[in-house]
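A closer look at the structure
Single-letter residue listing:
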Amino acid sequence: MKQWPRFLQALPKMLYPLMLLLKPLFQFLMLLWFLCIKIPAPDVFLVQNPPSIPTLVAVKWASWLRNARFIVDWHNFGYTLLALSLGRSGRFVALYRWFERRYGKMANGALCVTRAMQHELTQNWGIKAIVLYDQPPEFFRPTSLEEKHKLFCRLDQHLRQPHGVHDCISNGTIGLDSHLLSETLFTTQVGADVFSKPNRPALIVSSTSWTPDEDFSILLEAAVMYDRRVAAMLNEKDSTEKELLWKEMHDGRHYSYPRLLFVITGKGPEKEKYEEKIRRLNLKRVAFRTMWLSAEDYPLLLGSADLGVCLHTSSSGLDLPMKVVDMFGCGLPVCAVAYSCIKELVKVEQNGLLFSSSSELADELMMLFKGFPDECDSLKLLRSGALEMVSSRWDTEWEEHAKPLISEVMSRNSS
């Protein structure tokens, strides 16, 4: 489908209300053209919400014209997302909510992603919905040691390249030939055998769209706290990260707390702002890398990491972060920001932990990575719980919850 012209996205701010009217109209006509003319007539239209405008209106009209059923899959509320930029009291937000509620009630059936959302739809919207939890597809799975080594070989140069000054990861190349594919930051290959390095850094992954609803300053502050606490415990505040690495690599001493490498994936409007903040940090035991991964490498990275961090806070407080679902699919335990319904996904002390502040996240990092990599029992326990989630997949959830609803809607139509 043709997209909204890019040059119109750069209109002056005073014309923004006009764009809010013209863009949905353009999308509405484009959707009607495809739904009513370009594609064969379906039995059922299944539409994900949000976005609500113009999608719900267009699909409802198309279902009338083509004598098809209409099912809404509620992943969040569109008006709450709009309110992030316009404020809850804005006129456009109120109009958006009215459209979303009106056309949502016209559907022949409804699915939603949490029990909290199911309750909201029933009590305040007059919509009866079936809970269909998001589940990871099959390619989100634990990564084998051989796959990890190949991935780290591909990413090695990027992982060793710091933001600004050298850090505890880029300095880790001391005494190593970084051009040898048999050696990475995390693994070593000897002949046909691959081994994990005992002095490797802990790998922590967080994916983001770099938007205001994910406050990355929480993660940066927690990293600073971890760095200072570990330095204080080692009584080596005045040592440089280079000196610490030489000691770790050559004097045979095993530190209780590892170096941490945070890999932040994704694209978005606030990326450069946080990269500049990262460049100004002066950390001895923590490093950051930002990158964009291919669709093939992203699941491999999740399956290779030691911990996932999620900073998603729902605009409605009623949806769940898909990134955590993907992490669990790879057997990766998660530390996530606490909000109203997150416990429907993250089971505290079973497959992850919750935090509400940077200090709480720092406490969790200290607790989980003490004795890394061999003696961190709390982290191993959470990984076991995350691996248990792997048994639940999308096709099972679909067969048990979505398929019966569609069958019921179709039987109502035929009768």
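Residues numbered from 1 in each chain as written. Predicted model: local features only at pLDDT ≥ 70, side-chain atom pairs only at ≥ 80, totals over all residues. Heavy atoms only, no water.

1. Details of the overall build of the chain
- Across its full length, the chain holds 14 helices and 12 strands.
- For the chain, the residues scored as buried account for 52% of the 415 residues in total.
- Of the accessible surface of the chain, which amounts to about 20500 Å², a share of 55% is contributed by carbon and sulfur atoms. (Helix = DSSP H or I, 4+ residues; strand = E, 2+ residues; numbered from the N terminus. Buried < 20%, exposed > 50% of the residue type's maximum accessible area, 1.4 Å probe, protein only. Areas by Shrake-Rupley, 256 points an atom, 1.4 Å probe, with all protein chains shown as cover.)

2. Brief notes about the sheet that holds strand E2 (residues 69–74)
- Read across the sheet, 4 strands follow the order E1-E2-E3-E4 without closing on themselves; strand pairing throughout is parallel. Two strands lie at the open edges of the sheet, namely strand E1 (44–49) and strand E4 (130–131), each paired on one side alone.
- Bridge analysis of E1 against E2 gives 6 bridges, and the strand direction is parallel. Within the sheet, the bridge partner assigned to glutamine 48 lies in E2 and is aspartate 73.
- Against the sheet, helix H2 (residues 55–66) touches E1 and E2, its axis set at about 175° to E1. (Pairing = 2+ DSSP bridges. Contact = heavy atoms within 4.5 Å. Axes fitted to C-alpha atoms, helices over the stretch in contact; angles between N-to-C directions.)

3. Side note on the packing of aromatic side chains
- Per the counting criterion, the structure on display carries 18 aromatic pairs.
- Seen from their ring centres, tyrosine 79 and tryptophan 125 are 6.2 Å apart, and the 35° between their planes marks the pair as tilted. With tyrosine 79 in helix H3 (residues 78–86) and tryptophan 125 in helix H5 (residues 115–125), this residue pair connects regions lying 46 residues apart in the sequence.
- Taking the relative accessible area as the measure of exposure, tyrosine 79 reaches 12% and is therefore buried.
- Tryptophan 125 gets classed as buried once you look at its relative accessible area, which sits at 0%.
- Ring centres 6.1 Å apart and planes at 10° place the aromatic pair phenylalanine 99 and tyrosine 103 in the stacked group. Of this pair, phenylalanine 99 and tyrosine 103 both sit in helix H4 (residues 91–105), separated by 4 residues, roughly a single helical turn.
- The class of tyrosine 103 is buried, set by a relative accessible area of 10%.
- Through a chain of ring-to-ring contacts, the aromatic side chains of Trp74, Phe77, Tyr79 and Trp125 assemble into a single cluster. (Phe/Tyr/Trp six-rings, centres within 6.5 Å; stacked < 30°, edge-to-face > 60°.)

4. Side note on the side chain of histidine 75
- Mapped onto the elements, histidine 75 comes out in the loop between E2 and H3.
- Accessibility expressed as a relative area gives 19% for histidine 75, which makes it buried.
- Within the structure, the side chain of histidine 75 is placed 3.0 Å from the side chain of aspartate 73, a separation counted as a polar contact.
- With residues up to four places along the chain from it excluded, the contact list for histidine 75 reads Gln48, Asn49, Pro50, Val113, Met117, Asp134 and Asp319. (Polar contact = N/O pair within 3.5 Å; in protein donor to acceptor, adjacent residues only side chain to side chain.)

In short, shape yes, function no, at least from these values alone.
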